[in-house]
Amino acid sequence: MDLEKLIKQIHVKQSFLCIGLDTDLEKVPPHLLQEEDPIFAFNKAIIDATHHLCVAYKPNTAFYEAYGLKGWKALGKTIDYLNANYPEVFTIADAKRGDIGNTSTRYAKAFFEEFGFDSITIAPYMGRDSVEPFLAFENKHTILLALTSNEGAYDFQTQKVDGMALYEKVLQTSKTYKNAHNLMYVVGATKASFLGDIRKIVPDSFLLVPGVGAQGGSLKEVCHYGMNQHVGLLINSSRGIIYASKNGDFAAMAALKAKELQQQMQEELKSLGR
Ligand SMILES: O=C(O)c1cc(=O)[nH]c(=O)n1[C@@H]1O[C@H](COP(=O)(O)O)[C@@H](O)[C@H]1O
């Protein structure tokens, strides 16, 4: 998907919400376990109930890989369902990959071509030749981990290298990669106060911001420090939306939670005159 389409969706839906499909069979309503494919049945119900409130879905592949072949099949059915029924929605494979060049190319083929995702999350640790194979795919987006939402982010990402924090070095250096226009970055909502400095380095890039809801990040703060002239944010919530209820009303309750975030986003857009 090209970025203009994504930006248009943000304005049409008055939302920059990404819903995380982190589907865990221990948390889905028990009646779904009778279905032939309970993971897909859950995802389909959530997607059908929320697609008008969000602009992106982000299945985290760990939740599918945990079920082996059955999980991979459910992931395949989920992305096929999204692409067939809601092609306007941006899709993110949250796989956090990255390896030597020829291996990265295989990962890129798997998620961009075989599955048909619009984007993938990538760890920057192995450097340029591990990231550029993903960037070679036009109209596909590589979302590089910059400053993550977890406590461990302070172990390495904020440590100084050449007078700057390592996450700043990641942002700065990645801008020199071939096809850098296909880059986006992950910044955790729990690190909102860093967003001002991050915007000085990557003023125009889209940022995927997980960590509102269950991890306690503030949507208001993220918008305050992180919005750019194209909005430039995809704010993710997974557990806070998809597990709003364990009963027959789970999809309607998920939609209610998504609507609460969408309305806050609409207010933020309004205050910026958009
Ligand atoms: O890459 C990510 O999406 C990610 C990066 C990060 O720094 N923090 C983070 O929580 N995530 C992912 O975002 C989702 C957050 O889920 P909730 O905390 O349930 O909203 C999970 O799939 C995480 O793996």
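Keep in mind that what you see is a predicted model, and the values were worked out from it rather than measured. (Residues numbered from 1 in each chain as written. Predicted model: local features only at pLDDT ≥ 70, side-chain atom pairs only at ≥ 80, totals over all residues. Heavy atoms only, no water.)

Caption draft 1: Structural detail: helix 6 (residues 128-135). Along helix 6, the positions that sit buried rather than exposed are S130, V131, P133, F134 and L135. Turning to helix 6, the residues buried within the fold contact strand 3 (90-97), helix 5 (101-114), strand 4 (119-122), strand 5 (141-147) and strand 8 (183-187). (Buried < 20%, exposed > 50% of the residue type's maximum accessible area, 1.4 Å probe, protein only. Helix = DSSP H or I, 4+ residues; strand = E, 2+ residues; numbered from the N terminus. Contact = heavy atoms within 4.5 Å.)

Caption draft 2: Expanded view of a nonpolar patch on the surface. Among the surface-exposed residues, I100, Y125 and M126 lie close enough to one another that they form a single nonpolar patch of about 390 Å² accessible area. I100 sits in the partly exposed class, given a relative accessible area of 46%. (Patch = residues over 30% accessible without salt bridge, like charges linked within 9 Å, V, L, I, M, F, W, Y side chains within 5 Å. Areas by Shrake-Rupley, 256 points an atom, 1.4 Å probe, with all protein chains shown as cover. Salt bridge = Lys/Arg side-chain N within 4 Å of Asp/Glu carboxyl O.)

Caption draft 3: Molecular detail of the side chain of R199. Turning to its location among the elements, R199 is positioned in helix 9 (residues 195-201). No salt bridge forms around the buried R199; measuring N to O, its nearest opposite-charge neighbour D204 is 6.9 Å away. Looking at R199, its side chain comes within polar contact range of the main-chain oxygen of G232, at 3.0 Å. (Lys, Arg positive; Asp, Glu negative; His and termini not counted. Polar contact = N/O pair within 3.5 Å; in protein donor to acceptor, adjacent residues only side chain to side chain.)

Caption draft 4: Structural view of the pattern of salt bridges. Under the definition given, this model contains 11 salt bridges. The shortest N-O distance in the salt bridge between E65 and R97 comes to 2.8 Å. Residue E65 is located in helix 3 (residues 62-65), and its partner R97 is located in strand 3; the two are separated by 32 residues in the primary sequence. Across the pair R128 and E132 runs a salt bridge whose closest N-O atoms are separated by 3.2 Å. Here E132 and R128 lie together in helix 6, a separation of 4 residues that amounts to about one turn. According to the relative accessible area criterion, E132 is partly exposed, its value standing at 22%.

Caption draft 5: Just the pairing of strand 8, in detail. Of all 5 residues that make up strand 8, 5 are buried, and the element is covered over most of its length. Side chains of strand 8 alternate between two faces, with L183, Y185 and V187 and M184 and V186 buried alike. In this structure, strand 5 lies alongside strand 8, joined through 5 bridges in parallel fashion. Looking at strand 8, one finds that I143 is bridged to M184. Looking at chain direction, strand 8 and strand 9 (residues 207-210) are connected through 2 bridges and run parallel. Note on strand 9: the bridge partner recorded for Y185 is L207. (Pairing = 2+ DSSP bridges.)

Caption draft 6: Quick peek at the confidence of the model for the chain. When pLDDT is averaged along the chain, the result is 97; 100% of the residues meet or exceed 70. Listed scores for the predicted complex are pTM 0.98 and ipTM 0.99. (pLDDT = per-residue confidence, 0-100.)

Caption draft 7: Highlighting the packing of aromatic side chains. Scanning all chains against the criterion turns up 11 aromatic pairs. Consider the rings of Y81 and Y86, whose centres lie 6.2 Å apart with planes at 70°: the pair is edge-to-face. Residue Y81 shares its accessibility class with Y86, and that shared class is buried. When the ring of F111 is compared with that of F115, the centres are 5.8 Å apart and the planes differ by 20°; the resulting orientation is stacked. Cluster of aromatic residues (ring-pair linked, three or more members): W72, F111, F115 and F117. (Phe/Tyr/Trp six-rings, centres within 6.5 Å; stacked < 30°, edge-to-face > 60°.)

Caption draft 8: Seen up close, unusual backbone geometry. We note that Q14 has phi near 50°; this positive angle belongs to a residue other than glycine. Position of Q14 among the secondary structure elements: in the loop between helix 1 (3-13) and strand 1 (17-20). Residue Q14 is classed as buried on the basis of its relative accessible area of 17%. With a phi close to 80°, V231 is a non-glycine residue in the positive phi region. Considering the arrangement of structural elements, one finds V231 in the loop between helix 10 (219-226) and strand 10 (233-237).

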